[in-house]
Number of protein chains: 2
Amino acid sequence: MENSRPNDTPLVTSIIHAASSELSPISNGGNGRQIMKLVINGDSHTQAHLGQVITHYLASLQPHRQRFLGYPTNEEFNYEALAPLLHLHLNNAGDPFHGSSFTLNSTSFEVSVLDWFANLWDIEKNEYWGYVTTGGTEGNLHGLLLGREQFPDGILYASQDSHYSVFKIARMYRMQCIKVASLISGEIDCHDLKALLLANKHKPAIINLNIGTTMKGAVDDIDLVIKILDKAGFSRDRFYIHCDGALFGIMLPFLKSGGPKITFKKPIGSITISGHKFLGCPIPCGVVIARLNYINALSRDIGYIASRDATITGSRSGHAPIFLWYNLQKKGIMGIKNEVENCIRNARYLKDQLGDAGIGAMLNEFSNTVVFEKPLDDEFVSRWSLACNGNIAHVVVMQHVTIQMLDSFVAELVHNRSIWFQEDGIRKSLCIADEVGAVNCSCALHKANMDIQPNNYALQQIKQNV
Amino acid sequence: MENSRPNDTPLVTSIIHAASSELSPISNGGNGRQIMKLVINGDSHTQAHLGQVITHYLASLQPHRQRFLGYPTNEEFNYEALAPLLHLHLNNAGDPFHGSSFTLNSTSFEVSVLDWFANLWDIEKNEYWGYVTTGGTEGNLHGLLLGREQFPDGILYASQDSHYSVFKIARMYRMQCIKVASLISGEIDCHDLKALLLANKHKPAIINLNIGTTMKGAVDDIDLVIKILDKAGFSRDRFYIHCDGALFGIMLPFLKSGGPKITFKKPIGSITISGHKFLGCPIPCGVVIARLNYINALSRDIGYIASRDATITGSRSGHAPIFLWYNLQKKGIMGIKNEVENCIRNARYLKDQLGDAGIGAMLNEFSNTVVFEKPLDDEFVSRWSLACNGNIAHVVVMQHVTIQMLDSFVAELVHNRSIWFQEDGIRKSLCIADEVGAVNCSCALHKANMDIQPNNYALQQIKQNV
């Protein structure tokens, strides 16, 4: 592995130190990007000089912001009222419910946020524990550790569509991990899960469920998974379910059209969501809520902070809980519902526009993630910050994504396809039937299917009888 | 374990929802604290209303800020110029050197910061890898994982004075961990280390070295540890050294008076420091630098972000590297040197003041952490945000700690001791000779020793001949 320098970052390189006089943007090889020089040479710089660099940097991000379609982060928020908090280092080290001698903390905001999520997921205050994390990965690190400590020789089952952190964590924790097949929708394949459980009946099961998969936004069928566990002979004391709800875990409860219900009334151990995704937050953060009785195995009294520690990261941001608190208070339930519906509506709009343009696309019923063929040109992918995996790409329709952005995107994609597919007379629309189903594929072979189903928002659900 | 509500947080509780009219601070049981009500009830609130809550909260932190002595975080910084960055979610997911398709990133700032640290610790750009972490614990999570992946059956050796995260990590990673004794100074006891290494010669050694222990600020003797490894028959390909430099790792190179040298010219694998400690940053963050050749075992290509991932947390703050970059550029080398010297000078001042008042205290030669008897009254401990462990407490003299604060603290401590020790006629100065050495103890038995050594800044070093 070589230690190459960044090549995909906005308008900035770090090769040469900038004296004040060198701060004007410099054209970089004609691709419209401009260079700032960020090397730290040890001199002291004035606030004015540094402010100038930041201003350039922010300006350089604007074009990316205006075409930011590929990731499930909400870039539409206003935390101006919180700017004075930048004057303090706040730290919620330890247990948010226990207080600590690090008095510059925001654990009261944190507990309010946690209580809100506990209420959302139907667990009583005296039955849950949780904390504000540094993001979805830490939520998974925590939930899966609880599962492992509960069942030290348990096997981790996760569908192949699970977030990459899940497999990384299995390795970190030295857990046996079995990858379960997924349906075309992205949901966990319960036939496969059942076969794997039956083949490994002698060991407890730790199950990672996706409440919105990373690439296709599929929601695993929690009721079916619980039924399968029962059928395979796993009683409640022999399994642990962790729900990775990164983006969609907080959208799902607010869908007008219903959808599967994630709740602690079902036998799950933990749920995590990311705070910077649907809610929107400048820094990555998240929330993990778990059953209190699983926490004892992890929690340690730590004299140094006069608190207990059952977290992964120990020192924790005091700002993140305030961002989340502020956000929830400002939106209110109605605000959240409206934003969820807007995202879903606009995602359906995009799916339709692509369909009308003859471009195959898939949109799960309970999702704001539109999946389609990976564009042939990397520059196009980068220009719209698309996330790709194999033959497919996706747009996640978040709050900052307007109809106008989507129209521009589709128009540009249509225009570019006409160039890509004529250019060499050989390249043509990829067949992505394996990834999104024949009915959603617009390759030469499958195009006919598409035409007869113009309003197919959701992938035709393959009913899982297991 | 019960899920109690916070009791030690500043002026805030989370019991009842506040309507606008209820926002005025309310006296809370006469202890001078005031209550705000933070419960989220689902209504939408105006920015003005929420801004008022934040203003109250900030005001409630001020008294704590003015007496914040016990933790190694620098509360003296000004990031006003960075406030506009709050309008964007920035995310450095993946490998900072590789770029990613998450275009709203700050990896160029991150690489500049990493290059600066690599240069500080004498490792060439093409020989290191690193990233900006969420704090010291993630740095330890990363460094120790590199060690474990290098030596899957290696034993982790860490002195009993190591940060609590080190032992938590050993458990998370299912590593065999041996706790090594410490000297009174807090340094790792190399006699004990040698005996333990000899008793476990058949397994590689992964060693956690403390560059400033949490409680006593002791710097482990890296040269002696390397000598011990050699003497015990551990060749370079059978050990991995991770340096936990949380606070002092970045202060040490800038000491006027020299001190041990931490450098990649010595056979170490990784170093980590916290960004929110000496440098000062609103949110917890840190830096880890490791030898590039150890990274391959961890790094995975992740299609979704068009990057590689060798980090613990995956999604990572784009703001933290900019805070660090800004801070290093504003201070410059001379600024850092001055701040280090100031902290050291003021720590010696505190040690002297305590000594003059007949209060035993210890200050290691290369440290800004003053250790003394744990005050008898919890309210006093909380009032000054002191960190305690067993019979001892410490003050970490950071940039925001002024001579005036220290004078007030000593005066108040002297005054309170006169009350505590008279009150019942029984309580008296604790003997802390076991923790800080007889020479630094002011209990009835050891007081005489103290009087003959009025200028003993550093604990008399016990030369470790091993």
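The structure reproduced in this document is the subject of the present report. Given the structure is predicted, the values throughout are model-derived calculations rather than measurements.

A look at the interface of chain A and chain B
When the parts come together, some accessible area is lost, and that loss is often what is quoted as the size of the interface. Of the residues lining the interface, 132 residues belong to chain A; the matching set on chain B comes to 132 residues. Between chain A and chain B lies a buried interface of about 11,800 Å² when both sides are counted; carbon and sulfur atoms form 59% of it. Where chain A packs against chain B, one counts four salt bridges. Linking B:Asp309 and A:Lys168 is a salt bridge whose minimum nitrogen-to-oxygen distance equals 2.7 Å. One can count 53 residue pairs in polar contact (both at pLDDT 80 or more) joining chain A with chain B. Among the elements that line the side of chain A that touches chain B, the one with the most residues is helix α7 (residues 319-356) of chain A, at 11 residues.

Thoughts on the packing of aromatic side chains
Two aromatic rings are characterised by how far apart their centres lie and by the angle between their planes. Enumeration over the complete set of coordinates arrives at 38 aromatic pairs over all chains. Ring geometry for A:Phe102 versus B:Tyr71: centroids 5.0 Å apart, planes at 45°, classification tilted. Here A:Phe102 is found in the loop between α1 (47-66) and α2 (107-120), whereas its partner B:Tyr71 is found in the loop between α1 (47-66) and α2 (107-120) on a different chain. Classification of A:Phe102 as buried rests on a relative accessible area of 3%. Exposure remark for B:Tyr71: the relative accessible area of 2% places this residue in the buried category. One aromatic cluster is present, built from ring pairs that chain together A:Phe372, A:Phe380, A:Trp384, A:Phe409 and A:Trp420. The residue whose ring lies beneath A:Arg148 is A:Tyr173, and the NZ or CZ to ring-centre distance is 5.3 Å.

Section: the relation of the copies chain A and chain B
Of the transformation superimposing chain A on chain B, the axial component is 0.0 Å and the angular component is 180°, with the fit at an RMSD of 0.0 Å. The two molecules are tied by a two-fold rotation axis, judged by turn and shift. Scanning chain A for the C-alpha nearest the rotation axis identifies A:Tyr173, at a separation of 2.5 Å.

A few points about the sheet that holds strand β15 (residues 392-396) of chain A
Strands pair in a sheet through their backbones, by hydrogen bonds, and they do so in one of two ways: parallel or antiparallel. Residue and element names in this part refer to chain A. The antiparallel open sheet is built from four strands, whose spatial order is β12-β13-β15-β14. The open sheet terminates on both sides in strands that have one partner only, identified here as β12 (361-363) and β14 (387-389). Each adjacent strand pair in this sheet contributes to an overall mean axis angle of 25°, direction not counted. Where strand β13 (residues 369-373) lies against β15, five bridges are found, and the strand directions are antiparallel.

Some remarks on the nonpolar core
Formed by 263 residues in total, the largest nonpolar core has its most connected members in A:Phe117, A:Tyr157, A:Trp325, B:Phe117, B:Tyr157, B:Tyr173 and B:Trp325. Not counting residues up to four positions away in its chain, the partners in contact with A:Phe117 are A:Ile250, A:Ile273, A:Leu279, A:Val287, A:Ile289 and A:Leu328.

Observations concerning the sheet that holds strand β4 (residues 155-159) of chain A
Residue and element names in this part refer to chain A. With mixed pairing, the seven strands of this open sheet are ordered in space as β3-β9-β8-β7-β6-β4-β5. Strands at the two margins of the open sheet, each flanked by one partner only, are β3 (128-133) and β5 (176-180). Pairwise comparison of adjacent strand axes, ignoring direction, gives a mean angle of 15° for this sheet. The pairing of β3 with strand β9 (residues 286-291) spans six bridges and is antiparallel. Across the sheet, Val132 pairs through a bridge with Val287, a residue of β9. Sitting on the sheet, helix α3 (residues 136-150) touches β3, β4, β6 (205-210), β7 (239-244), β8 (270-274) and β9, and the angle it makes with β7 is about 175°.

Digging into the pattern of salt bridges
Residue and element names in this part refer to chain B. For the structure on display, the rule yields 24 salt bridges over all chains. Note that Arg316 is salt-bridged to Glu110, the shortest N-O span being 2.5 Å. Here Arg316, found in the loop between β11 (307-309) and α7 (319-356), pairs with Glu110, found in helix α2; they are 206 residues apart in sequence, far enough to count as distant. Look at Arg316 and you get buried, because its relative accessible area is 2%. Judged by its relative accessible area of 0%, Glu110 is buried. Put simply, Arg383 and Glu412 hold a salt bridge, and the shortest N to O gap is 2.6 Å. Of this pair, Arg383 sits in helix α8 (residues 378-383) while Glu412 is found in helix α9 (residues 403-423), placing the two residues 29 residues apart along the sequence. The exposure class of Glu412 is buried, given its relative accessible area of 19%.

Conventions adopted
Every chain is numbered independently, its residues counted from 1 as its sequence is written. Going through the entries in the order they are written, you letter the chains from A and number the ligands from 1. Two thresholds apply to this predicted model, a pLDDT of at least 70 for residue-level local features and 80 or more for giving and counting side-chain atom pairs, whereas whole-chain, interface and lining totals are computed over all residues. Water and hydrogen atoms were dropped before computing side-chain values, which therefore reflect all heavy atoms in the structure. Whether two residues touch is decided by their heavy atoms; if any such pair falls within 4.5 Å, the residues are in contact. When two components associate, each loses some accessible surface as probed by a 1.4 Å sphere; the sum of these losses over both components is called the buried area. Whenever Lys or Arg places a side-chain nitrogen within 4 Å of a carboxyl oxygen from Asp or Glu, that contact is recorded as a salt bridge. Polar contact criterion, stated in full: a pair of N or O atoms within 3.5 Å, where within protein one must be able to donate a hydrogen and the other to accept it, and residues adjacent in sequence count only if both atoms are side-chain atoms. Counting from the N terminus, the helices are the DSSP runs of H or I reaching at least four residues and the strands are the DSSP runs of E reaching at least two. The aromatic pairing rule takes the rings of Phe, Tyr and Trp, using the six-membered ring of Trp, and pairs them if the centres are within 6.5 Å, calling planes under 30 degrees apart stacked, those over 60 edge-to-face and the rest tilted. Buried residues are those whose accessible area, probed at 1.4 Å on protein chains only, stays under 20% of the maximum for their type, while exposed residues exceed 50% and partly exposed ones sit between those limits. Placement of a charge over a ring requires the Lys NZ or Arg CZ to be within 6 Å of the ring centre, with the centre-to-atom vector within 35 degrees of the ring normal. When the copies are overlaid, the least-squares fit takes in C-alpha atoms only where the residue has pLDDT of at least 70 in both copies. Strand pairing follows a simple DSSP-based rule, namely that at least 2 bridges must link the two strands. An axis is simply a line fitted to the C-alpha atoms; with a helix, the fit covers only the stretch in contact. Between two such axes, the angle follows the N-to-C directions and lies from 0 to 180 degrees. We call a set of buried Ala, Val, Leu, Ile, Met, Phe, Trp, Tyr and Cys residues a nonpolar core when their side-chain atoms join them within 4.5 Å.

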